[in-house]
Amino acid sequence: MSQPQPDPAKLAAARAAVALVQDGMKLGLGTGSTASVMVRELAARARAEGLSLRCAATSKATCELAESLGLSIESLDDIGWLDMTIDGADEVDPDLHLVKGGGGAHLREKIVAAASQRMVVIADPGKVVEQLGAFPLPVEVVQFGFETTRTLIRRALADLALGDRDVLHRLKGSDPWVTDEGNWILDLHLGAIPDPVALARALSAIPGVVEHGLFLGMCHLAIIGKPDGTVVRLDRNADIDADMLAGEGD
Ligand SMILES: O=C[C@H](O)[C@H](O)[C@H](O)COP(=O)(O)O
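Every residue gets a number counted from 1 within its own chain, in the order that chain's sequence is written. Given that this is a predicted model, residues contribute local features only at a pLDDT of at least 70 and side-chain atom pairs are listed and counted only at 80 or more, while totals for whole chains, interfaces and linings are drawn from all residues. Think of the side-chain values as coming from all heavy atoms in the structure, minus any hydrogens and water.

- Under an unreviewed UniProt entry, the name given to the protein chain is Ribose-5-phosphate isomerase A, and the organism recorded is Paracoccus haematequi.
- UniProt positions are given in the numbering used here, feature names are shortened, and annotations may be inferred rather than shown by experiment. UniProt annotates the protein chain under Sequence similarities (unreviewed entry) with the comment "Belongs to the ribose 5-phosphate isomerase family."

**Some remarks on the packing of helix 2 (residues 33-49) against helix 3 (residues 60-68)**
Item 1. Comment: axis = line fitted to C-alpha atoms, over the contacting stretch for helices; angle = value between 0 and 180 degrees taken between N-to-C directions. Put simply, DSSP marks the helices as runs of H or I at least four residues long and the strands as runs of E at least two long, and each gets a number from the N terminus on. It is at 9 Å that the axes of helix 2 and helix 3 come closest, and there the two elements cross at 25 degrees. Between helix 2 and helix 3, the crossing angle belongs to the class labelled roughly parallel. Here helix 2 runs over helix 3; the crossing is right-handed. Contacts from Ser 36, Val 39 and Arg 40 of helix 2 reach helix 3 at Thr 62, Leu 65 and Ala 66.
Item 2. Per-class residue counts for the contact of helix 2 with helix 3 are three nonpolar, two polar and one charged. Any angle that falls under 35 degrees is termed roughly parallel, while one over 145 is termed roughly antiparallel, one within 65 to 115 roughly perpendicular, and all others oblique. Put simply, a crossing is left-handed when the front helix is turned counterclockwise from the back one by less than a right angle, and right-handed when it is turned clockwise. By definition, residues are in contact when any of their heavy atoms lie within 4.5 Å. Each residue gets one label: Ala, Val, Leu, Ile, Met, Phe, Trp, Tyr, Cys and Pro are nonpolar, Asp, Glu, Lys and Arg are charged, and the others, such as Gly, are polar.

**Notes on the UniProt feature "active site" (unreviewed entry) in the protein chain**
Item 1. According to UniProt, the "active site" (unreviewed entry) feature falls on Glu 109.
Item 2. Take Glu 109: it is sitting in helix 5 (residues 106-114).
Item 3. The exposure class of Glu 109 is buried, given its relative accessible area of 3%.
Item 4. With sequence-adjacent residues up to four places away left out, Glu 109 is seen in contact with Thr 31, Thr 58, Asp 87, Lys 100, Gly 101 and Phe 215.
Item 5. Any pair of nitrogen or oxygen atoms within 3.5 Å is treated as a polar contact; in protein, a donor-acceptor pairing is required on top of that, and neighbouring residues in sequence qualify only through side-chain atoms on both sides. In this structure the side chain of Glu 109 is engaged in a polar contact, spanning 3.0 Å, whose partner is the side chain of Lys 100. Only protein chains enter the accessibility calculation, which uses a 1.4 Å probe; a residue whose area is less than 20% of its type maximum is buried, one above 50% is exposed, and one in between is partly exposed.

**Focus: the environment of Gly 88**
Item 1. Positionally, Gly 88 belongs in the loop between strand 3 (82-87) and strand 4 (91-92).
Item 2. Take Gly 88: its relative accessible area is 5%, and that puts it in the buried class.
Item 3. Along the chain, Gly 88 and Ser 204 lie 116 residues apart, while their C-alpha atoms are 22 Å from each other.
Item 4. Setting aside its immediate chain neighbours within four residues, Gly 88 contacts Ala 35, Lys 100, Val 121 and Ile 122.

**A look at the packing of helix 1 (residues 8-18) against helix 2**
Item 1. The contact between helix 1 and helix 2 brings their axes to 9 Å, and the two run at 50 degrees. The angle between the axes of helix 1 and helix 2 places the two elements in the oblique class. For the crossing formed where helix 1 meets helix 2, the hand is right-handed. Counted together, Lys 10, Leu 11, Ala 14, Arg 15 and Val 18 of helix 1 and Ser 33, Thr 34, Val 37, Met 38, Glu 41, Leu 42 and Arg 45 of helix 2 form the full contact between these two elements.

**As for the side chain of Glu 91**
Item 1. Mapped onto the fold, Glu 91 is located in strand 4.
Item 2. When charges are counted, Lys and Arg contribute as positive and Asp and Glu as negative, whereas His and the chain ends are disregarded. Take a side-chain nitrogen of Lys or Arg and a carboxyl oxygen of Asp or Glu: if they are within 4 Å of each other, that pair is a salt bridge. Despite its burial, Glu 91 pairs with no opposite charge, the nearest such side chain being Lys 127 at 10 Å.
Item 3. Among the polar contacts made by the side chain of Glu 91, one reaches the main-chain amide nitrogen of Gly 133 at a distance of 2.7 Å.
Item 4. Among residues more than four places away in sequence, those in contact with Glu 91 are His 97, Leu 98, Val 99, Lys 127, Val 129, Leu 132, Gly 133, Ala 134 and Phe 135.

Structural data, given as structure tokens:
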């Protein structure tokens, strides 16, 4: 069955990232709609050029897609240190801090990114923000003591003057949404995250929290695809063009 045409902005970003791949590389493959476009581009290039690649996937979905396209997926531990991970994001700020996990894959994504020499993020202009937090922050939590963990998260938010925000249990239909690691997700509707470092520290200190979707200091390069097929490369602390900001560049 033929695939629908990918979004041109996502395709442009994906192609620019895949152009960074060299024969023999060990790669981390991200998750989500943008990462899926990248996996298709990568598979096509690997096939056309006979590239020898070793890949680790950040989700079962990415693993299945990559294998269906002929890419060979190995466990992260079998490959070891990766040269580069290419992944999407839900938000990218001027420091290249990220919110990730809209698809619930941020735990494996963070482990894979941490095992990579470089993390390259690919996104469309709608993901570029001045301040993180408009996108609900995903927090993966263990099922045991779920309500206790939610209460502790609410207390931590109140301590950071982020009280009275919705902390919603992510559902699939009427059932809890279950991650690849068998955990549940809380989505924190914060509106704005004035101090991502303080929030990350507070969330990580809560016992039932497995991992939150703040990726701080992990992304080395963001490639923002534009609808006209061009890309903008953002390094840390680069001035972000006003047109790039969420809602204005779509
Ligand atoms: O859990 C999902 C991942 O963090 C995705 O990379 C992120 O949600 C962006 O996904 P998309 O490219 O579909 O917007």
